[in-house]
Amino acid sequence: MIDVKLLSENPDTFRASQRARGADESLIDAILAADSARRESIASFEALRAQQNAFSKRVGAAKGEEKQALLAEVKELSQNVKAAQAASDEAAAAYSALQRSIPNLIMDGVPSGGEDDFTVVKHVGTPRDFAAEGFEPRDHLELGELLGAIDMERGAKVSGSRFYFLKGVGARLEIALMNMALDLALQKDFIPMITPTLVRPETMQGTGFDVEHDDEIYKLERDDLYLVGTSEVALAGYHANEILDLSAGPTRYAGWSSCYRREAGSAGKDTRGIIRVHQFNKLEMFVYCSPEESEAEHAKLLALEEEMLAKVELPYRVIDTAAGDLGMSAARKFDCEAWVPTQDAYRELTSTSNCTTFQARRLNIRERETGADGKPGKTRSVATLNGTLATTRWIVAILEHHQNADGTVNVPVALRPYLGGLEVLPLL
RNA sequence: GGACACGUGCCAGAGCGGCCGAAUGGGCUUCACUGCUAAUGAAGUGUCGGGGUUAUACUCGACCGGGGGUUCAAAUCCCCCCGUGUCCGCCA
């Protein structure tokens, strides 16, 4: 959630942010009003409570008739306190609901608008010219079947549409990819984690997902648990309600988990192959750091993603996502999109978000400031960031981009050690 | 799935319905003492929110796993939930 103190000091900045996102600007004035209503009701409740506390002390000390008299007097006061408390609770709830409904303040430079209004930061590498090479590229599913790597039909038989089996070199390729990503993360001092994939509603909500309305999320009704769409959720919840010591620098995790998405709104889109599926694996980076460090960390996460893309030798572009496409928690988001030959399009392989203090506020994750005297000072919210290091979807781009005319696929050099030295994925 | 027990501050651990934001011990910080370390002595040591201040100070309220309830008054009594432990059952 957003920092209302900051908002009350710079309401216009927040209005502009809302506008850029295509979100409701009137929420800004609504929350300012709710805040002052809340303060007022708290003040009157606490004044009454203080009176009651003073009375209670006297009741405890008194005896006999005096006590009876005091009791009679304080009884009415007690009713007033209850009413004032109820009013104050209500005002606080209204305020909190508003606070939770306002998305993160976007950063300077984030383009305004929706999904298509991103700006391209750069292009790296060149898409292969298959026409010049003299053959028509096969799509990843056709290749996957030729290699015995992907089995969609049986996926559907066992689990339904958008489920699949990775088999043989397909399974090995995914494990290789994940391991290569993990090694890169380890090299950069990320702490490896294998995370829960079922989480409680609080964890889901804390991370910025709306469990009530988001129909991307799988819910286990019977157990009141949710399947995560990314290990970001578990990694954000990991330090909930804690005060971290970040004095030695950011804490960085690399979470490996399966991810689950309902893809409810995407009927008919990407129905072929494993581009858009209900379940996939992902190696996710997650960072806790001080707010001042967040932009530099964001750049580092992006650089690591690019390092991975370089390792698998894919041409890609980096985009700065537009405000309306950021999601609730992010203040800025960069996606790396790889060239997918048979789609003649760039498709998202990684996504890294700077959530500044937004998630941390919801999850109550703080750090201890160092005072001017060098002693421990006050607490404040930390910043959180996340970014993709590898996912199942990478297989799509790797197969298609590195394919040969006969349907075999060259293994990127950096990936070979993870496939036992295999240089070419052979036909089945 | 069933039964019982437990959940208190950085840790351990006491706590009678009012005198409990909470004993005691340890840790940590500061000071004193000591040639250094150790030992010893003294003081301090939570979070959130309201008011107040340029900022402190100060002041008020809340917090003893979470949420409700009883009561003038709840760490203390009652209910629900969550977690932990032990035993039984069941399953991999």
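From a predicted model like this one, the values you see are computed outputs, not experimental measurements.

1. Overview of the protein's contact with RNA strand B
Phase 1: Surveying the vicinity of RNA strand B reveals 22 residues, the closest of which are K75, R200, R366, R368 and T379.
Phase 2: Here the atoms of RNA strand B within 4 Å of the protein split so that 74% fall in sugar or phosphate, with bases taking the remainder.
Phase 3: Here a sugar or linking oxygen of RNA strand B and a side-chain polar atom of R38 are 3.1 Å apart.
Phase 4: For RNA strand B, a phosphate oxygen lies 2.3 Å from a polar atom in the side chain of T379.

2. Observations concerning the packing of aromatic side chains
Phase 1: Applying the stated criterion across every chain yields a total of five aromatic pairs.
Phase 2: Note on Y238 and Y253: the rings are 5.6 Å apart at their centroids and 70 degrees apart in plane angle, and the pair reads as edge-to-face. With Y238 in the loop between α10 (232-237) and β8 (243-244) and Y253 in strand β9 (residues 251-260), the pair connects residues that are 15 residues apart, well separated along the chain.
Phase 3: Judged by relative accessible area, which is 6%, Y253 ranks as buried.
Phase 4: Look at F286 and Y288: their rings are 5.1 Å apart centre to centre, the planes differ by 65 degrees, and that puts the pair in the edge-to-face class. The burial state of F286 is the same as that of Y288; both residues are buried.
Phase 5: Among the aromatic residues, ring-to-ring pairing joins Y238, Y253, F286 and Y288 into one connected group.
Phase 6: Between R38 and the ring centre of Y95, over which it is positioned, the NZ or CZ distance is 4.5 Å.
Phase 7: If you follow R58 out to its NZ or CZ, it ends over the ring of F55, 5.2 Å from the centre.

3. Remarks on the environment of G170
Phase 1: With respect to the helices and strands, G170 occurs in helix α8 (residues 169-187).
Phase 2: Taking relative accessible area as the criterion, G170 reaches 2% and is therefore assigned buried.
Phase 3: Sequence-wise, G170 and G148 are 22 residues apart; in three dimensions their C-alpha atoms are separated by 7.3 Å.
Phase 4: Among all residues touching G170, those that are not within four sequence positions of it are A149 and I395.

4. Regarding the packing of helix α2 (residues 11-21) against helix α3 (residues 26-61)
Phase 1: Relative orientation of the contacting elements α2 and α3 amounts to 140 degrees, with a least axis distance of 8 Å. Relative to α3, the element α2 is oriented oblique. Where α2 abuts α3, its residues P11, F14, R15 and Q18 lie against L27, I28, D29 and L32.
Phase 2: Considering only residue class, the contact of α2 with α3 consists of five nonpolar, one polar and two charged.

5. Looking at the side chain of S381
Phase 1: With respect to the secondary-structure elements, S381 resides in strand β15 (residues 376-381).
Phase 2: Overall, the relative accessible area of 14% leaves S381 in the buried class.
Phase 3: Discounting residues that sit within four places of it in the chain, S381 has contacts with P291, T357, A360, R361, I365 and R366.

6. Digging into helix α7 (residues 152-159)
Phase 1: The backbone nitrogen of E153 lies 3.3 Å from a side-chain oxygen of the residue at the head of α7, namely D151.
Phase 2: Of the residues one or two after α7, G160 is the one with positive phi, at around 110 degrees.

7. Regarding the sheet that holds strand β6 (residues 219-220)
Phase 1: The three strands lie next to each other as β5-β7-β6, forming an open sheet whose pairing is antiparallel. Both outer strands of the open sheet, β5 (198-199) and β6, are each paired with one neighbouring strand and no more.

Conventions and cut-offs
Residues numbered from 1 in each chain as written. Chains lettered and ligands numbered in written order. Predicted model: local features only at pLDDT ≥ 70, side-chain atom pairs only at ≥ 80, totals over all residues. Heavy atoms only, no water. Near = heavy atom within 4 Å. Polar contact = N/O pair within 3.5 Å; in protein donor to acceptor, adjacent residues only side chain to side chain. Phe/Tyr/Trp six-rings, centres within 6.5 Å; stacked < 30°, edge-to-face > 60°. Helix = DSSP H or I, 4+ residues; strand = E, 2+ residues; numbered from the N terminus. Buried < 20%, exposed > 50% of the residue type's maximum accessible area, 1.4 Å probe, protein only. Lys NZ or Arg CZ within 6 Å of the ring centre and 35° of its normal. Contact = heavy atoms within 4.5 Å. Axes fitted to C-alpha atoms, helices over the stretch in contact; angles between N-to-C directions. Parallel < 35°, antiparallel > 145°, perpendicular 65-115°, else oblique. Nonpolar A, V, L, I, M, F, W, Y, C, P; charged D, E, K, R; others polar. Pairing = 2+ DSSP bridges.

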